[in-house]
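# Understanding the architecture of this molecule
Here is what each chain is made of, one letter per residue.
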Amino acid sequence: MTDAELVLRSTRVVTPEGTRAASVAVADGTITAVTAHDAPVPDGARLEDLGDDVLLPGLVDTHVHVNDPGRTEWEGFRTATRAAAAGGITTLIDMPLNSLPPTTTVGHLRAKQRVAAGKAHIDVGFWGGALPDNVRDLRPLHEAGVFGFKAFLSPSGVAEFPHLGQEELARSLEEIAAFDGLLTVHAEDPRHLAAAPQRGGPRYADFLASRPRRAEDTAIAHLVDLARRLDARVHVLHLSSGDALPVIAAAKADGVRVTVETCPHYLTLTAEEVPDGASEFKCCPPIREAANRDLLWQALADGTIDCVVTDHSPSTADLKTDDFSTAWGGISGLQLSLPAVWTEARARGHGLEDVVRWMAAHTARLAGLGTRKGAVAPGHDADFAVLAPDETFTVDPAALQHRNRVTAYAGRTLHGVVRSTWLRGRRVMAGGEFTEPKGRLLIRSHGHRHPRGRTGTP
């Protein structure tokens, strides 16, 4: 620790080897050592004694819709990253759609980077988009540093981001596999959606019936078969259907390079409790029944599901009408994802080490950032969340940092208060107060390669 500029000390530090009392030394924004709790503090280093608060690695959220530029009234980089910092998230990867233009060419990526520059409170990277007509743009986007590509197999909800048919999916995935890129997929089969009853109106039961589990199950089975045939890397976005889990588990056992995420709202909310007309709970695929939620938790525990991300997809409040068929589908979750997941996880016997694995270590690996992000370990960026895990708070929408303070968690009592958030050894949030934006715009490392073969983790 002789070169340390800062030492953070806690009786509970979550490291890759487990939770222990430790002192964490930081120099030039990087963790240089994790030592004994009572290790001497080097001359000239500043000590931050956190007492019994838990020191976690900063969370990495690989599924966020910032919507900037173009739909900035829905969300922007300044507000989204402030909300993330308030929730202990230190890195996010922005989705390519809901902004105008979408991130589907290098020029569009550069436009988004220009808008984001100087506004980010945390580090921000970008996904590219795979559309029916942009196969020729995929390799240039990869070379420009996007972390992978997003595709829809059913309508996206915005006209400028059309979905891929089966032949278009195969063409895009074949191109992406040629440079060993990653395709992340909104997997719902449009034929099953079209065949489902479409009643409209305020009843949540009607909306749930319009997005059946078999739409997910069929799309995922097709995606897995295509990934197997092409030896391609694919990632299933926002899994909500527990019925798809056996297909995914079998594919992983066979060495298919597939990873899977789910979201806090699928793990903490249930269809049975959604009030009619309450479209703040609307998302696609939908929040399903309590028995289905139990299957998702079991899959997290056994590793079939790799990680938990927000799919933060905000809109202005006026788009959240009481008609589930026409209301915007998206849940704002950046600020509340850690306490929401932790509240349910602790009730089910999981520890903070599990939460860190799902929301920091595995998400960092998914994006190819595992050597720098997602762990309290030497050589990693000094990105931290300081959490009081036993303290509770009641969600007040007025206290949220999101641009539009609409939340499905309003009035819920959650465990876990984020005391402070640190980015490369600098405190960027403490007690709800924020420094000026200090985040960096990230690009995928050109030297990073993903291993072939069995993929039980990202």
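Each chain has its residues counted from 1, following the order in which its sequence is written. Predicted model: local features are reported for residues with pLDDT of at least 70 only, side-chain atom pairs are reported and counted for 80 or more only, and whole-chain, interface and lining totals are derived from all residues. Where side-chain values are given, they derive from all heavy atoms of the structure, hydrogens and water being excluded.

## Some details on the pattern of salt bridges
The salt bridge definition used is simple: a Lys or Arg side-chain nitrogen within 4 Å of an Asp or Glu carboxyl oxygen. The tally for this structure, following the rule as stated, stands at 30 salt bridges. For arginine 233, the salt bridge is made with aspartate 180, and the minimal N-O distance between the two is 3.8 Å. Note that arginine 233 is positioned in strand β12 (residues 233-236) and aspartate 180 in the loop between α4 (166-178) and β11 (182-186), a separation of 53 residues in sequence. In this structure, the salt-bridge partner of arginine 199 is aspartate 206, at a minimum N-O distance of 3.8 Å. Each of Asp123, Arg372, Lys373, Asp381, Asp383 and Arg424 takes part in one network of salt bridges that share partners. For the purposes of this entry, the term helix denotes a DSSP run of H or I that reaches at least four residues, the term strand denotes a run of E that reaches at least two, and both are numbered from the N terminus.

## A closer look at helix α8 (residues 245-253)
The periodicity of an α-helix, 3.6 residues per turn, causes residues three or four places apart in sequence to face the same way. When accessible area is computed with a 1.4 Å probe and restricted to protein chains, residues below 20% of their type maximum are described as buried, those above 50% as exposed, and intermediate ones as partly exposed. Listed in full, the buried residues belonging to α8 are Leu245, Ile248, Ala251 and Lys252. Each buried residue of α8 lies within a common arc of 130° when the element is viewed along its axis, so the set occupies one face. Those residues of α8 hidden inside the fold are in contact with α7 (213-230), β13 (258-262) and α10 (290-302). In the segment just after α8, glycine 255 is the residue with positive phi, at about 90°. As used here, the arc is the angular range of directions from the helix axis to the C-beta atoms. Any two residues whose heavy atoms approach within 4.5 Å are treated as being in contact.

## Thoughts on the sheet that holds strand β14 (residues 307-308)
Pairing is parallel in the open sheet, where six strands are placed in the order β9-β10-β11-β12-β13-β14. Since the sheet does not close on itself, it has two edges, and those belong to β9 (128-129) and β14, each with one partner. Strand pairing is assigned whenever DSSP identifies at least 2 bridges connecting the two strands. Examined bridge by bridge, β13 and β14 share two bridges and lie parallel to one another. Across the sheet, glutamate 261 pairs through a bridge with cysteine 307, a residue of β14.

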